[in-house]
Amino acid sequence: MKHKIKAVWVVIATIVLLFFLIKGDRDFVMGLDLAGGSALTYKIDTSSLPEDADVAENVASLRDVVERRVNLFGVREPTVTTQYSRLSSEWRLIVELPGVTDIAAAEKMIGETPVLDFRTIKPGTTATSTIDFMNGYEVSPLTGRYLDRAGLVFDQTTNQPKVELTFDSEGSKLFAEITKANIGKQVAIFLDGLPISAPVVNEEIVGGKAVISGNFTIDEARTLVGRLNAGALPLPVSLSGTNIVGPTLGTEAVKAGVQAGIIGFILVIIFMIVWYRLPGIMASLALVAYSAIMLALFKFIPVTLTSAGIAGFIISVGLAVDANVLTFERMKEEIRNGKNLIDAVELGFARAWTSIRDSHIAAIIVSIILFWIGTSIVKGFAFTFFFGAVISLISAQLITRVFIRAIANKSNSRLMKFLFSSGFTIK
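Residues numbered from 1 in each chain as written. Predicted model: local features only at pLDDT ≥ 70, side-chain atom pairs only at ≥ 80, totals over all residues. Heavy atoms only, no water.

Caption draft 1: Examining unusual backbone geometry more closely. Omega for the peptide link from Ile301 to Pro302 comes to -5°, which places this bond in the cis form. Phi is positive for Asn159, close to 65°, though the residue is something other than glycine. The topology assignment puts Asn159 in the loop between strand S7 (147-154) and strand S8 (161-167). Exposure remark for Asn159: the relative accessible area of 55% places this residue in the exposed category. Not every positive phi belongs to a glycine, and Arg277 is a case in point at roughly 55°. As for its placement among the helices and strands, Arg277 is situated in helix H7 (residues 247-300). Using a relative accessible area of 9% as the deciding quantity, one classes Arg277 as buried. (Helix = DSSP H or I, 4+ residues; strand = E, 2+ residues; numbered from the N terminus. Buried < 20%, exposed > 50% of the residue type's maximum accessible area, 1.4 Å probe, protein only.)

Caption draft 2: Inspection of the nonpolar core at higher detail. The biggest cluster of nonpolar side chains holds 37 residues, and the ones touching the most others in it are Ile404 and Phe420. Listed by contribution, the elements that provide at least two residues to this core are helix H1 (2-23), H7, helix H8 (307-336), helix H9 (341-373), helix H10 (376-397) and helix H11 (399-407). With sequence-adjacent residues up to four places away left out, Ile404 is seen in contact with Pro279, Met282, Phe328, Met331, Val345, Phe349 and Phe420. Listed in part, the 23 residues of the second largest apolar core include Phe118, Phe167, Ala221 and Leu224. (Core = buried A, V, L, I, M, F, W, Y, C linked by side-chain atoms within 4.5 Å. Contact = heavy atoms within 4.5 Å.)

Caption draft 3: Looking closely at helix H5 (residues 169-181). Given a rise of 1.5 Å per residue, 13 residues ought to cover 18 Å, and the 19 Å separating the end C-alpha atoms of H5 matches this to within 8%. Buried within H5 we find Gly171, Ser172, Leu174, Phe175, Ala176, Ile178 and Thr179. Residues of H5 that are buried sit in contact with strand S5 (116-121), strand S6 (137-143), S8, strand S9 (187-191) and strand S11 (209-212). (Expected span 1.5 Å × (residues − 1).)

Next up, the structure:
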C-alpha cells in the first residue's frame, strides 16, 4: 500500500510541475539560433604582447571585459567565447547576442570605449567671456583612467537621470586640486572629444565624486554608465565576420525542434507500452516525470536553449529509456527463473543497477569533456546532456521503481506474467 501512496504523490508532483511549466510567468531562455540575433567574430591582435606574456591569460581578460560590457547593456543571455584557430594561428573572440539584429549597434557596443576627460578654461578667459567649447579649454590631468566606477542617479528636484562618477584615490586628489584651483570657473567634462557639461565650481570638492548632467534620457545615461564601467579592451580586436539570424528563422527552428521532440517522445512511449506492456506504461509515466523535471531545470536555472541543447535533451531521453529497458529485461529473466513479481522487481533493479550506473557515468564524463574543450555550440549540447544523464540516473532508480513497485504483487497468474513479459512471449 505504501508503494501505491508514493506513486500517487509522484503523479501529483508531476502534474503540479507540468502546470507551472505551462502556466508559469517565466519563459524559456532561447539561444541565438532559436531567438534570432547577431553573432560577431573578432580577430584578436596579440602581436603587441611581450614575448614572455601569457597569451591565454590576456585573451581571457579580454573575454571578461567584453562579457562585462555586453552584460551592462542588458542583452539577455549573451555568449562570449574565445578560441584558437590552428589553421590561421590566431585567437578569435565570438560574441553571440540574442535579440540584437542591428550589427552596427552591436559592433559599437563591443568595440568602442568612451574617452572621458576634464578640461579647465584657458588662462586669460574670464567666466563672463564667450567660451569656445572646442578651443577655449585646456586638457587637465584628470581622465577616465582614474575612474573607479560610474552609476546612474536621478536629480532630486527634476528627476532627470545623471551619471555619477567615483574616482580612485589618485583621481580624488586630482579632482580636489582642480576644483580648488577653479572656484568660480567652469570645469568642462568631455566625452569622446565632445563637451557634455560645463558646471561652475562653487567650492573644492573632496571625496572623489562628480556628476555628469547632460540632459540624458534614462537609456542614454544607462548606456554611458555601462561603457564607462566596462573599461578599455586589453587587446586590440578587429571584426572579421558577422552572422544575423532573423526572428522568423529562429521561430521555425523552435517549431521544428518542438515537433521533433513531441513525435520522438510519442514514438518512444508507444514502443515501451507495446513491447513491455504494464511496466512500459509505468516507465512512460516515469519518462513524463523525468521530462518535466528537465524542462523545469531549463526554465528556472535558467538554461539557454539552443538547437544543440535540445538535441542533448532528446538524446538524454533515450538514455533514460535505455535504463528502463535494462531493468525490464532483468525482471523478465527473474520471472522466467520462477521468482514472484515482487522479488523479480527487486532483483531486476538490483542487477541492472551496475550497467545503468556505468553507462550513465560514462555519459557524464563525456559531457564534461565536451563542455571543457568544445566550442559554444558543443557546450550547449554537453550542458543539457550532462543534466539529462544525472536526472536519468536518479529517475531510473527512484521514479520508475516507485511506479513498478506500486503495481507488483505476489501473484503468479498467467495474466500478470503476460503483463510483465515483453515482446510476443508470455514467459
